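Reading the structure
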Amino acid sequence: MEHKGNYFRDSKDIIAYVDTLPSDKGAKKYIARLQTIAAENPDVADAANAIIARYGHGPDLIDNEQVLVKSIDDCDAALAEVEKELGKQKAEAGDKEYWLCGERFTTADLYLSILLHRLTFVGLAERLFIGKRPLV
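Now for a quick tour of the structure. (Residues numbered from 1 in each chain as written. Predicted model: local features only at pLDDT ≥ 70, side-chain atom pairs only at ≥ 80, totals over all residues. Heavy atoms only, no water.)

1. Overview of the overall build of the chain
Under the convention used in this document: To qualify as a helix, a DSSP run of H or I must reach at least 4 residues; to qualify as a strand, a run of E must reach at least 2; elements of each kind are numbered from the N terminus. Accessible area is worked out with a 1.4 Å probe on protein chains only. A residue is then buried under 20% of its type maximum, exposed over 50%, and partly exposed in between. Where accessible areas are quoted, they stem from the Shrake-Rupley method and a 1.4 Å probe; at the residue level, only the protein chains shown are allowed to cover.
Of the regular secondary structure elements, the chain holds seven helices and two strands. For the chain, the N- to C-terminal ordering of α and β elements is β-β-α-α-α-α-α-α-α. When burial is assessed residue by residue, the chain has 31% of its 136 residues classed as buried. Element-wise, carbon and sulfur atoms account for 54% of the exposed surface of the chain, whose accessible area totals about 9,200 Å².

As structure tokens, then:
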């Protein structure tokens, strides 16, 4: 498969690449592109169809692209604040274990863990925190 000068031969590489495509182009276009990939590349059709099955309900739920982009931007800003707070906690803790609100694991850490898992699930981890925010 070729996309914007990138060439992929393995279905796992295609899945990994498609998951990194920016979501600000709209979920409907994303699903349509995956359907095209599946139709044009029988060797990766199963992988593309698996992604469609996993995320395919998105276009019906997200009709306003601007709202989606704003939500992702708001999440990005919130994670920047989390990164700052974790930096403060790390500086104060020294060699001790540290969490979002100090030395103890709290509900805030639990909610942050759930949020990070969900962001990873929908393919936004690299865009919002992996490689971008080392403390998150």
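Now that the structure is up, let's keep going.
2. Section: the environment of Leu 135
The line we're drawing: When checking whether two residues touch, look at their non-hydrogen atoms; a contact exists if any pair is within 4.5 Å.
Along the chain, Leu 135 turns up in the segment after α7 (125-128). Along the sequence, Leu 135 and Leu 86 sit 49 residues apart, while their C-alpha atoms lie 6.4 Å from each other. The contact partners of Leu 135, leaving out residues within four places of it in the chain, are Glu 83, Leu 86, Gly 87, Lys 90 and Tyr 98.

3. Focus: the side chain of Asp 109
For clarity, the cut-off: Asp and Glu count as negative and Lys and Arg as positive, but His and the ends of the chain are not part of the count. We define a salt bridge as a side-chain nitrogen of Lys or Arg found within 4 Å of a carboxyl oxygen belonging to Asp or Glu. Identification of polar contacts relies on pairs of N or O atoms within 3.5 Å, with a donor-acceptor requirement for protein atoms, meaning one able to donate a hydrogen and the other able to accept it, and with residues adjacent in sequence counted only if both atoms are side-chain atoms.
With respect to the helices and strands, the residue Asp 109 is situated in helix α6 (residues 107-121). For the buried Asp 109, no salt bridge is present, and the opposite-charge side chain at shortest range is Arg 104, 9.4 Å distant. A distance of 2.8 Å separates a polar atom in the side chain of Asp 109 from the backbone nitrogen of Leu 100. A polar atom in the side chain of Asp 109 sits 2.9 Å from the backbone nitrogen of Thr 106. Excluding residues within four positions of it along the chain, Asp 109 makes contact with Trp 99, Leu 100 and Arg 104.

4. Describing the pattern of salt bridges
Once the charged atoms of two side chains with opposite charge are near each other, the side chains can pair. Summed over the entire model, instances satisfying the criterion amount to five salt bridges. The residue Lys 96 makes a salt bridge to Glu 103 at a minimum N-O spacing of 3.7 Å. According to the relative accessible area criterion, Lys 96 is exposed, its value standing at 51%. One network of salt bridges, in which partners are shared, links Asp 76, Lys 132 and Arg 133.

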